[in-house]
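# Secondary and tertiary structure notes
Listed below are the residues making up each chain.
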Amino acid sequence: MSLLEITGLSLAIDGTPILQDVSLSINAGQIVAVTGESGSGKSMTALGVMGLLPDRTTTSGKVLLDGKDLLSLSEADMCRLRGNAIGMVFQEPMTALNPVQTIGDQVAETILIHGAMGRKDAYARAAEMLTRVGLPPDRFPLSRYPHELSGGQRQRVVIAMAIALRPRLLIADEPTTALDVTTQAQILELLRDLARDFDMGLLMITHDLAVVADMADHIVVMRLGEVVEQGPTMALLTNMQHEYTKMLFAASSHEVDLPYKSSTDVLLSVTDVRRSYVLPRTRLFGATGRFEALKGVSFDIKRGERVGLVGESGCGKSTLTRAILGLDAVQSGSITLSSAPVFAGNAPNLAVRRKMQVVFQDPFGSFNPRHKVERLITEPFHLLDVPPTGAMRQALIDETLLAVGLEPSDAQKYIHQFSGGQRQRIAIARALIIQPELIVFDEAVSALDVSVRAQILDLLAELSNKYGLTYLFISHDLSVVRTITDRVLVMQSGEIVEQGRTPEVFARPRHPYTQQLLKAAPVLPDLSHLHMMTDQKDLST
Amino acid sequence: MNRNLIIGGTLSLIAVMAALVSFVWTPFDHASMNIPEKLQTPNLVNWFGTDHFGRDMFSMIMVGARTSIAVAFVAVGIGMGLGIPLGLWAAARKGAWIDELIMRANDLIFAFPSLVIAILITAIFGAGAVNAIIAIGIFNIPVFARVVRGAAMPLWEREFILAARVAGKNAARISVEHILPNVMNLLIVQATIQFSLGILAEAALSYVGLGAQPPTPSWGRMLADAQTLVSIAPHMALIPGFAIIITVLGLNLMGDGLRDHLNPRLRVART
Amino acid sequence: MLRYTLKRLLSLMISLAVASVLIFFVIEVAPGDPASFMLGINAQPDTVAALRAELGLDVSKWQRYVAWVQGMLVGDFGTSYTYRTPVAQMVSDRLWVSLPLTLYALALSTFIAFPAGMYAAARRGRAGDVTVMGATQLGVAIPNFWFAMMLVLVFAINLRWFSAGGFAGWDKGLGAGVWSLTLPAIALALPQAAILARVMRSALLDVLNEDYMRTARAKGLTRAQTIWRHGLRNALIPVLTIIGLQFSFLLAGSIIIEQVFYLPGLGRLVFQAISARDLIVVESVVMLLVFAVIVVNFAVDLAYAAVDPRLRART
């Protein structure tokens, strides 16, 4: 009998159907990954198993844990099971811990609340569990508060809390989405080891297909509240039946058509740029520390070149971006665009600024919700000495909207009438409208679902080929940078540690950090290669 | 439209109408004494009864509404007029000395409750409605400055503001064009709350004799007059009290209603 | 933590210094010379000059400011122009009424508001919540001095449980003193309790949406346990701010409430002093009120740090 057996689970919130007839099962020691894009209902499935659905939810079907139907249990009985028989790890480690309680108290609480053992033993077990997840008490005392830990360390605490009582089933809802690649690799390895060591069933919810292919024994693909396809990992990868599954995997490893262009004319020149921030004193009369965000960064971007910038959080990417855009001044070094400084004296140089535009990550936060699209995309006109008016202005708006795949009539709509992908198109339109010489894409596709991301990447390649764009593409996602750039810069702790032609850096990384990054990044297996392997196996048997 | 907004709006409207109508009509002259008719309980002639000088309470309440609303209105105007620019400025220069200065000055004003300011002003210039306005108005400045700064600071981190900066707009222009419209809802709600607090403060100041002086009628002074007579003429205390409660309750309900009415739309716009 | 405390202490000193300068010079602007006022319009110029010397008014403003501050630091607030008695004595007598009244009201307000706010949050949207919120809506709208009059009417005049006014004095025993402050304290506390209950409720409801509350539920805590063990302490952070602000409102409110109950507190003193143009008394009382508010805000800052470890670490 399976450890967890979900059969025909349907649920609705206030009458709106969220899940329809979901069935899946997990055995002890097995890793099952549920994947799909936003709105697929994958997280709701997890919360349904935990019995932590919002109020006003109606359910039908069965969720059997060791043969017992969780949906028919009383709230009190569910409380006895949660944390005890089923543990759960959440997406956002920065907010998943109570900020005013020590990590020791929070881990021990799982044990104490179930009355599993006495206080002293509970704290001993908490220390043991924290050690198991990689936070030994000699380096991470139980008296630490969450804010004293990094994101990856906090996620380890959350895992320790979830496994403190050795549950039979662990549910992990996007456990590494908020983490850097190297941290992600460590956390995934930890989860895999735990499932094996404790003979625990692991239900992984994730949108990242590379993670899915890498980790899972069994894959469940969901769309709009329904399971479209499921099966053992190897079988599913080699023999996808459903169109949606095929599309999803194709979009994940999508490659754009972007022929390499060479150029010698330097457009942006960054020379020995330094920027440091004062850190708060740690001791009463101690000297204030300085955090060096940029330690002498130098690089050039040539006209027509598409350059990627990769690095993990805190490496100085954002500081560098803001400096290039002229939003913040730097302390030393120079940034010039066509030989003119971005910062002239103390004030940003408007003549230079009009040659630069930016596209941000968040398709929801980058527009004033109170303005119409027409006003939003024409904001950069402010930079021009003579902004176009009348028919010319209208023609520009229409042309730009068409160029990014929208309709001229969209100019009269408000931003909330658009989907995430459409908003990113509008953001690109805003960047294009004054025909800048350089566009900065700051994590511009990171918040999008894979299928939408593939479309936006295609759009970028198309615009790039059509208008000969020069851009700096900043991203933590190596697979995206790989396909959309000619050259790549790798940044670590405020320094560019490696740069070169993109295919070369990816194929033969020289710097240890680049090697580490590439090793940690989960990659989709080459499906055609897999096919060959299985075919050979079939032949041999 | 929600229930709070309708009820609150109606109650507030009654107070405002009473004040406005009093300019052209009151049942009696609010100041004319009629000793033989003193301390009448509410009846068909004097709807709200009469006070210890035989003045018609209904007329006094109507004219008193004028004082309350005028004082509170101007005080809110002072608070918004100075507090909003200061708050916008502080948020735009977050962490710089000017931000620090504005916020410390705000903290300092918070140490002087409006009554204390009123005491100081009265000690110097004597009592009067204008002093009440200044006392309440000064105290409103840091309230608005804080609300604006608090709401504006996260906006400055939002990408649409960064986009505006990339478009070359300066801080003042961004504050007016992007920040202010996005904190407007909050300001409208805060203004209703400060308006209702202003009515309460004006009543308290008049009650202790630091507000409007005779012969200007005010609800607070009517209550001061009623104090010694509360056992023999409770209506003298009850009626001005109810006038204050209804107005303040109306404004507060309207504030709550506006918040509920304006907020979801913002949320829809963002998600 | 030490650094944080010292930083707050420094800011407290600066606030006090700026406040004292403000108060002193604002009062100095006041037209009219206290000496001439005390002696009446027919006084001889040399008598006035003598009195000015006696009152210490014949030196420069800055010298008088320095003398005033130096005096206050050692508990000498000067001599009342009208009563010719030390201001410190007058003020401290009155303070023993106003301060206990304020603290009594603060305690009442907190004790009423906490359970009310928690109850409403727990029953969000249900009848209990609607009732409590309706009551607070009304409570916020009631002027405290009017409420005080109604309390007098009902409990002192009709039921005769309390005396209608006056203060028994602490020498009659703690019980008698507290009893005579009870009606004033209730009148002061209820409107503030209404505000605090609303803040408590919304702070708790905000906290309920936090991720760590869901984490706690996933550990097997019941809804009530999550609120009690994780919600409350986090909700306390905004509530503390309001309690700090309320102290200054209550202190100011006590000045007004004293008028209703004929209590011999700071309020009575300051209004008498204003009408007698006894500016040194006004100055001292205002300074004392401001001092109390600033010190309480300092205490609130320390309380923040006790509740929130992030604050202890940051500075």
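Residues numbered from 1 in each chain as written. Chains lettered and ligands numbered in written order. Predicted model: local features only at pLDDT ≥ 70, side-chain atom pairs only at ≥ 80, totals over all residues. Heavy atoms only, no water.

Scanning chain C for helices and strands turns up 13 helices and 0 strands. With the principal axes as the frame, chain C shows a C-alpha extent of 85 × 55 × 35 Å. Out of the 315 residues belonging to chain C, those deemed buried represent 50%. Contacts spanning at least 24 positions in sequence make up 73% of the contacts within chain C whose residues lie at least 6 apart. A total of about 13,900 Å² of accessible surface is found on chain C, and carbon and sulfur atoms cover 66% of it. Of the side chains in chain C, 26 bear a positive and 17 a negative charge, and the two mean positions are spaced by 17 Å. (Helix = DSSP H or I, 4+ residues; strand = E, 2+ residues; numbered from the N terminus. Buried < 20%, exposed > 50% of the residue type's maximum accessible area, 1.4 Å probe, protein only. Contact = heavy atoms within 4.5 Å. Areas by Shrake-Rupley, 256 points an atom, 1.4 Å probe, with all protein chains shown as cover. Lys, Arg positive; Asp, Glu negative; His and termini not counted. Charge placed at Lys NZ, Arg CZ, Asp CG, Glu CD.)

Attention now goes to helix α6 (residues 181–197) of chain A. The terminal C-alpha atoms of α6(A) lie 24 Å apart, and with 17 residues this matches the ideal 24 Å at 1.5 Å per residue to within 8%. Once α6(A) finishes, A:Asp199 follows within two positions and takes phi at roughly 50°, a positive value. (Expected span 1.5 Å × (residues − 1).)

The subject of this paragraph is the interface of chain B and chain A. If you look at the interface, chain B gives 22 residues, while chain A gives 28 residues. Buried surface at the junction of chain B and chain A, summed over both partners, amounts to about 2,200 Å²; 53% is from carbon and sulfur atoms. When the buried surface of chain B facing chain A is broken down by residue, B:Glu159, B:Arg165 and B:Val166 rank first, second and third, together holding 29% of it. Linking chain B with chain A are 2 salt bridges, by the criterion used here. Among the salt bridges present, the one from B:Lys169 reaches A:Glu379, with a minimum N-O distance of 3.0 Å. One can count 8 residue pairs in polar contact (both at pLDDT 80 or more) joining chain B with chain A. Sorting the residues of the side of chain B that touches chain A by element identifies α6 (159–166), α7 (171–207) and α9 (234–270) of chain B as the ones contributing at least two each. Here the side of chain B that touches chain A takes 7 residues from α6(B), the largest share from any one element. (Buried area = accessible area lost by both parts, 1.4 Å probe. Salt bridge = Lys/Arg side-chain N within 4 Å of Asp/Glu carboxyl O. Polar contact = N/O pair within 3.5 Å; in protein donor to acceptor, adjacent residues only side chain to side chain.)

For the rest of this paragraph, the subject is the packing of aromatic side chains. Going through the model one piece at a time under the given rule, you end up with 17 aromatic pairs over all chains. Between the aromatic rings of C:Trp62 and C:Tyr65, the centroid separation amounts to 5.8 Å while the plane-to-plane angle is 90°, which identifies the pairing as edge-to-face. On the criterion of helical spacing, the pair formed by C:Trp62 and C:Tyr65 is a turn pair, its members being 3 residues apart in helix α4 (residues 61–73). Judged by its relative accessible area of 53%, C:Trp62 is exposed. Using a relative accessible area of 10% as the deciding quantity, one classes C:Tyr65 as buried. Just above the ring of A:Phe198 sits the side chain of A:Arg166; from NZ or CZ to the centre is 4.2 Å. (Phe/Tyr/Trp six-rings, centres within 6.5 Å; stacked < 30°, edge-to-face > 60°. Lys NZ or Arg CZ within 6 Å of the ring centre and 35° of its normal.)

Here A:Thr183 lies in helix α6. Excluding its chain neighbours within four sequence positions, the residues that come into contact with A:Thr183 are A:Gly152 and A:Glu312.

All names here are of chain A. The contact between helix α5 (residues 151–163) and α6 brings their axes to 10 Å, and the two run at 15°. Overall, the two elements α5 and α6 adopt an arrangement that is roughly parallel. Classified by chirality, the crossing of α6 by α5 is right-handed. Each of Gly152, Gln155, Arg156, Ile159 and Ile163 in α5 lies in contact with α6, whose residues at this interface are Thr183, Gln186, Ile187, Leu190, Leu191 and Leu194. (Axes fitted to C-alpha atoms, helices over the stretch in contact; angles between N-to-C directions. Parallel < 35°, antiparallel > 145°, perpendicular 65-115°, else oblique. Left-handed = near helix turned anticlockwise from the far one by under 90°.)

This paragraph deals with the interface of chain B and chain C. Contact residues are listed per partner, giving 37 residues for chain B and 43 residues for chain C. Its largest share of buried area at the contact with chain C, chain B owes to B:Leu108, B:Ile119 and B:Ile124, together 15% of the area lost on that side. Connecting chain B to chain C are 1 salt bridge. Residues B:Asp256 and C:Arg198 are paired through a salt bridge, measuring 2.8 Å at the closest nitrogen-oxygen approach. Where chain B packs against chain C, one counts 5 residue pairs in polar contact (both at pLDDT 80 or more). Elements that contribute at least two residues to the side of chain B that touches chain C include exactly α3 (97–110), α4 (114–125), α7, α8 (219–227) and α9 of chain B.

We now examine the environment of C:Ile23. Inspection of the secondary structure assignment puts C:Ile23 in helix α1 (residues 2–28). Along the primary structure C:Ile23 and C:Ser163 are separated by 140 residues, whereas in three dimensions their C-alpha atoms are 37 Å apart.

The subject of this paragraph is the domain arrangement of chain A. Per the domain assignment, the segments of chain A are domain 1 (1–85 + 170–253), domain 2 (92–166) and domain 3 (266–520). When each unit is reduced to the centre of its C-alpha atoms, the spacing between domain 2 of chain A and domain 3 of chain A is 39 Å. (Domains from an automatic or database assignment.)

Right, let's get into the sheet that holds strand β5 (residues 68–69) of chain A. Residue and element names in this part refer to chain A. Here we have 4 strands laid out as an open sheet, ordered β2-β1-β4-β5, and antiparallel in their pairing. Lying at the two open borders of the sheet, with one neighbouring strand each, are β2 (16–26) and β5. Pairing analysis gives 8 bridges linking strand β1 (residues 4–13) to strand β4 (residues 57–65), with the strands arranged antiparallel. Paired with Ser10 across the two strands is Ser60, which belongs to β4. (Pairing = 2+ DSSP bridges.)

The subject of this paragraph is the side chain of C:Ser20. Counting through the fold element by element, C:Ser20 comes out in helix α1. At 2.6 Å, the side chain of C:Ser20 and the side chain of C:Tyr65 are in polar contact.

For the rest of this paragraph, the subject is the domain arrangement of chain C. When the parts come together, some accessible area is lost, and that loss is often what is quoted as the size of the interface. All names here are of chain C. Under the domain assignment used here, chain C contains domain 1 (2–73) and domain 2 (94–314). For domain 1 versus domain 2, the distance between C-alpha centres works out to 33 Å. Contacts between domain 1 and domain 2 engage 17 residues on the former and 19 residues on the latter. Of the roughly 1,700 Å² buried at the junction of domain 1 and domain 2 (both faces included), carbon and sulfur atoms supply 79%.

Okay, the nonpolar core next. The biggest cluster of nonpolar side chains holds 159 residues, and the ones touching the most others in it are B:Phe112, B:Leu115, B:Ile119, B:Ile179, C:Ile23, C:Phe145 and C:Val282. Residue contributions to this core reach at least three from each of two domains, namely domain 1 (2–73) and domain 2 (94–314) of chain C. Contacts of C:Val282, omitting those with residues within four sequence positions, involve B:Ile119, B:Ala123, C:Ile27, C:Val270, C:Ala273 and C:Ile274. Residues A:Met129, A:Leu149, A:Met215 and A:Phe249 belong to the second largest nonpolar core, which totals 56 residues. (Core = buried A, V, L, I, M, F, W, Y, C linked by side-chain atoms within 4.5 Å.)

Looking now at unusual backbone geometry. The linkage connecting B:Pro214 with the following residue, B:Pro215, adopts the cis geometry, with an omega of 5°. Of note, B:Pro215 is situated in the loop between α7 and α8. We note that A:Asp199 has phi near 50°; this positive angle belongs to a residue other than glycine. Secondary-structure assignment places A:Asp199 in the loop between α6 and β8 (201–205). Under the relative-accessibility criterion, A:Asp199 is labelled partly exposed at 44%. A positive phi is found at C:Arg160, a non-glycine position, where the angle reads about 60°. You can call C:Arg160 exposed: its relative accessible area is 65%.

Structurally, the position occupied by C:Gln137 is in helix α6 (residues 127–141). A sequence separation of 120 residues divides C:Gln137 from C:Ala17, and the C-alpha atoms of the two residues are 39 Å apart. Once residues lying within four places of it in the same chain are set aside, the contact partners of C:Gln137 are B:Leu249, B:Asn252, B:Leu253, B:Asp256 and C:Arg198.

In this structure, A:Thr58 sits in strand β4. For the pair A:Thr58 and A:Ile18, spaced 40 residues apart in sequence, the C-alpha to C-alpha distance is 10.0 Å.

Residue and element names in this part refer to chain A. Taken together, 6 strands build an open sheet; the order of strands is β6-β7-β8-β3-β9-β10 and the sheet is mixed. Of all the strands in the sheet, just β6 (86–89) and β10 (226–232) have a single pairing partner and so form its edges. Direction aside, the axes of adjacent strands within the sheet are offset by 15° on average. The sheet contact formed by strand β3 (residues 31–35) and strand β9 (residues 218–223) spans 4 bridges and is parallel. Residue pairing for β9: Ala33 is matched across the bridge by Ile219. In the packing of helix α9 (residues 243–252) onto the sheet, the strands contacted are β9 and β10, and the crossing angle to β9 comes to about 100°.

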